[in-house]
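Examination of the molecular architecture
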Amino acid sequence: MQDQAQKAVTESRIIGVSTPRIDGPLKTTGTAMYTSDHNFPGLVYAWPVIATIASGTITSMDTARAAAMPGVLAVYTHENIGPLYRTPPTQGFSMIIDERRPPLEDNVVSYYGQYVGVAVASSVEQARAAAEAVKVTYDKRSHNVEEKLIGTPIAEPGIKKGTARGDVTSAFKNAAVKHDAVYSTPNETHNPIELHASVAVFKDGRYTLYETSQAVVNHRDVMAAMLGVPPENVQVITRFLGSGFGGKLWPWPHAMLAAATARNINRPVKLVVSRSMMFQSVGHRPAIDQQIQLGAEPSGKLVALGHHYVNHTAMEAEYDEGCGEATGFLYSCPNLAVTSGLVRRNVGVPTAMRGPGAVPGLYALESAMDELAVKLKMDPVQLRLLNEPDKDESNGLPFSSRHLKECLTVGAEKFGWAKRTPAVGSMKNEDGATLGWGVASCAWGAMRIDTEMSVELLQDGTARVTCATQDIGGGTYTAIAQMVAHETGLPVAKVNVILGDSALPPGPISGGSWTTASVTPAALDAAHHAVQTLLVSAATFPNSPFKGKKPAELEMVDGTVRAKGSATPQLTMAEVLKGANVKGITGTGKSQGTFGAKEEYSFHSYGAQFVEVTWQPEIARLRVSRVVTVIDGGRMLNPRAARNQIEGAVVMGVGMGMLEGVEYDRASGAPINASLADYIVAVNADCPHIDVTFLDYPDYKLNALGARGVGEIGLAGVAPAITNAVYHATGIRVRRLPVRIEDLMGAPMHLA
Amino acid sequence: MAPIDEKDPQPLTSLERISRRVFLTRAGAAGVATATAAVAAPLSAQAQAPTAAAPTEAAAVPGAVPVTLKVNGSTHRVMVDPRATVLDTLRETLSLTGTKKGCDHGQCGACTVHLNGRRVNSCLLFATMHQNDEITTIEGIGTPEKLHPMQAAFVQEDGYQCGYCTSGQIMSAVALLKEPVGADDASVREALSGNICRCGAYPNIVAAVQAVRHMA
């Protein structure tokens, strides 16, 4: 078949145009199916029994009383749950799980809230009552949930060296201007509003698992390995996902409990993790201490950058937050070193949370840059502009597309930065409240992951698009529909997208901000191949008006087939398929991942965050009142959805800067603020005025669409811009997030 | 929509959820634990082909008590655990899963419904105590084909991302229209602060609510 070029994606009526989400009518009417919405005949409910110590062993479990309660079908412990295996070591980007120990593997407890049993009953109320009636006796050992990390024993194999160049030690020692401080961030939790859940259906040796998963293909592979069955016997479905922010990337132990109990009692089982359990056993961003050492010439030119971080991890996991993610390439600096270490605590297993590494790493680095600017008596925007690199100095690669300087200058213009007076507390609003203005840069990597897609053109005039990938909420359904609409000329409403099913062509994880860059080229490719085959049909079916023409002489425009350059005759897609008596024509498409490939460019998105805080010392009231965000994220395929994601990330950044942090109770080892009343996330009233600007620089080196992805970049840089603004308003430098009222009680009442 | 052809079952699609509602309506949903068929792949269709409505599952639950609930204008007589909340009864017994569970503690607002026209957190209500009340859920507000103006405004303004908190946001927003809430955005923000959106779509949620208020 003579292949034709895909339609130009740079000129499109639909790509790059704000498009309402195709799933909007379902989401607004309660008809979108999330995991725990699935009910089946004979469905029963599971509720986990949780450990109420943080370290020790179970000496006995008395399940008799629970088992005798009304409606209870079974109570499982480590003695009778049946086989659950660990995943084997794997290579590359496959079979990923952070908590590798299967639940109920043995009698060892290493964190508070660890599952030690599970009750199954006819109703959710009965299951919960039974789980709470299980009496567990422990041999308790001392636990460690200490929040201080730097200066405490580092886990084997000790301090790890990350990216490095030059001689940072002597450069720092000899620097004219120096800054050296430790920045701390607490355990932060994803807490998507959708509770983690599993609905497990076991039939004839096969598992159909409805999961809250950001990665159904990986979830399928992990579950098959842990259940000890071939992967083809497991199907994982996530039609709609109530977000995840990384917390739903990899499977967590409740999924194995649901599947194992469904297997054991041979009935469908629903297990919905409670909100308090979501602070214990579904991952979190670990607590981190980061030491930043900056050395500069009096001109502001950086000469030394040391970034040394330690994050907590669980007793049986080696989770490294990767705080040096952006450190190596953000600024030009000849002498640089990143080191890292892990310290073990009796906490649940940490995992990736939105912008892992970069988000906390940039909190430290961008705070330190602000402190350096103060020491240099230099404007913090100018300091950043002065240290712009012309290549990625961590690996020598050219940047694919980097416009950080423009982010800073455009943001400064929009924010009104020129009116900033640098003296602490020197700015007031019209009500007399003190204003603080802060700035921070941000960056986040871009990548593609292997994706396969199928597009079927159907007699009813619709296109059916399938891919295993799931829509976390960013707008994947809609982005894929846009691509197929572009290539076929069908209206978006005629494109039916089916996602979130491991039985469909394999697609990427919803993570890393990689989904859009991965799925959209595959969707275009699949639609293109389907159209090419349709043209062959149009040229060959009996009685076709195009009989005798070569397929290459035909084209598909606005969903109809015609000879190139001739408006008539034309046939609709449906007429061609009916004429040929073909029910549907399928095209498949692929896009190749960049993971593990030899890199030729440094792919990153960039941004600048400008924050205004309003400070009323008389009542110790601090608000984030205004945020200007400028993002260099490649081409925005659906600007409306992209803007929403950036605004939402800024809101989460307000939470990170001002509100969020898990507190561990030293006596019990429990995360004690394990509820949405005590772990505060930003509500509507906390939302500042947000002004988002996208710089329009498509990154054609990443893909033909020039799209990079915007899931994470908007969160990076918000927290340091807030603390930098707090310093500007109050003179107090908060080096431990979140900013608390008590941090500011020492601030002078009257400044300037 | 086209009638379902038994001989030529089309695989349902994830965006084609109406069929289930139709099914429920036909089946006379009360007290029925229903099978759903939101599966796309033939493999899974074989593995768990939806069966006809199971016999009233809840009746088999030991210790269940009879409860009569008025939901969206219909009266449902069901057997539920005496501890069952309105939320769990809606979701698990009546299969009205549009109302979501986010915390079960009245802290997030995802389960917001109307009780006699006023917004409440259905996770904080025992089903047995609300037998004489008129309960309205998101399913009673509008349908994908016939959106309530607030639902249409949420679509228009992109007032969500993942959509999980959206039912609660919309139920709160519809109730807000009849509440003494100031005209400015700040008043709307305050009045909707019982509904957490972790995706942070707050600017668009406020825009949607204000669009509907300006229409009125």
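Residues numbered from 1 in each chain as written. Chains lettered and ligands numbered in written order. Predicted model: local features only at pLDDT ≥ 70, side-chain atom pairs only at ≥ 80, totals over all residues. Heavy atoms only, no water.

1. Describing the packing of aromatic side chains
Aromatic ring pairs are described here by two measures, namely the spacing of the ring centres and the angle between the planes. Tallied over the full model, the rule gives 17 aromatic pairs over all chains. Joined through ring pairs, the aromatic side chains of Y34, F240 and Y477 of chain A together with Y164 of chain B make up one cluster. Directly above the aromatic system of F399 of chain A lies the positively charged group of R402 of chain A, at a separation of 4.8 Å from the ring centroid. Over the aromatic face of Y727 of chain A sits the side chain of R733 of chain A, whose NZ or CZ is 4.2 Å from the ring centroid. (Phe/Tyr/Trp six-rings, centres within 6.5 Å; stacked < 30°, edge-to-face > 60°. Lys NZ or Arg CZ within 6 Å of the ring centre and 35° of its normal.)

2. What to know about the confidence of the model for chain B
Scored by pLDDT, chain B comes out at a mean of 80, with 72% of its residues at no less than 70. Low pLDDT (under 50) marks residues 1-59 of chain B, which in the prediction has 113 contacts with non-local residues, meaning those over four places away or in another chain. (pLDDT = per-residue confidence, 0-100. Contact = heavy atoms within 4.5 Å.)

3. Points about the nonpolar core
L294, M453, V455, L534, F610 and V613 of chain A together with F154 of chain B are the most contacted members of the largest nonpolar core, which totals 188 residues. Of the residues forming this core, the biggest block, twelve residues, is contributed by helix α12 (residues 515-540) of chain A. Core analysis: the second largest hydrophobic core is formed by 73 residues, V199, F202, V217 and M277 of chain A among them. (Core = buried A, V, L, I, M, F, W, Y, C linked by side-chain atoms within 4.5 Å. Buried < 20%, exposed > 50% of the residue type's maximum accessible area, 1.4 Å probe, protein only. Helix = DSSP H or I, 4+ residues; strand = E, 2+ residues; numbered from the N terminus.)

4. Considerations on the sheet that holds strand β18 (residues 451-458) of chain A
All names here are of chain A. In spatial order, the strands read β20-β19-β18-β24; together these four strands make up an open sheet with mixed pairing. At either end of the open sheet lies a strand with only one pairing partner, and these are β20 (495-498) and β24 (584-591). Neighbour-to-neighbour, the strand axes of this sheet turn through a mean angle of 20°, independent of strand direction. Of the pairings in the sheet, the one linking β18 to strand β19 (residues 463-466) comprises four bridges and is antiparallel in character. (Pairing = 2+ DSSP bridges. Axes fitted to C-alpha atoms, helices over the stretch in contact; angles between N-to-C directions.)

5. Remarks on the interface of chain B and chain A
Taken residue by residue, the interface counts 80 residues in chain B and 87 residues in chain A. When chain B packs against chain A, the two sides together hide about 6,600 Å² of surface, and 55% of this comes from carbon and sulfur. Counting across the chain B and chain A interface gives five salt bridges. Residue R21 of chain A pairs with D158 of chain B through a salt bridge whose shortest N-O separation is 2.6 Å. For the interface between chain B and chain A, the tally reads 28 residue pairs in polar contact (both at pLDDT 80 or more). Put simply, the parts of the chain that give the side of chain B that touches chain A at least two residues each are α1 (18-27), α2 (42-47), α3 (86-93), α4 (149-157), α5 (166-176), α6 (185-191) and α7 (202-215) of chain B. Residue composition of the side of chain B that touches chain A, by class: 35 nonpolar, 25 polar and 20 charged. (Buried area = accessible area lost by both parts, 1.4 Å probe. Salt bridge = Lys/Arg side-chain N within 4 Å of Asp/Glu carboxyl O. Polar contact = N/O pair within 3.5 Å; in protein donor to acceptor, adjacent residues only side chain to side chain. Nonpolar A, V, L, I, M, F, W, Y, C, P; charged D, E, K, R; others polar.)

6. Re the UniProt feature "domain: Aldehyde oxidase/xanthine dehydrogenase a/b hammerhead" (unreviewed entry) in chain A
In the numbering adopted here, UniProt assigns the feature "domain: Aldehyde oxidase/xanthine dehydrogenase a/b hammerhead" (unreviewed entry) to residues 29-142 of chain A. For residues 29-142 of chain A, the helix share is 12%, the strand share is 31%, and the end-to-end C-alpha distance is 50 Å. (UniProt positions renumbered as here; feature names shortened; annotations may be inferred.)

7. Quick look at unusual backbone geometry
In this structure, P157 of chain A follows E156 of chain A across a cis peptide bond, with omega equal to 5°. Structurally, P157 of chain A can be placed in the loop between β6 (135-140) and β7 (160-165). Between T568 of chain A and the following residue, P569 of chain A, the backbone shows a cis peptide bond with an omega angle of -5°. Within the secondary structure, P569 of chain A is located in the loop between β22 (560-563) and β23 (570-572). If you check the backbone angles, D104 of chain B has positive phi at about 70° while not being a glycine. Along the chain, D104 of chain B turns up in the loop between α3 and β3 (112-115). Of note, the phi angle at D158 of chain B is positive, near 60°, even though the residue is not glycine. Mapping D158 of chain B onto the fold places it in the loop between α4 and α5.

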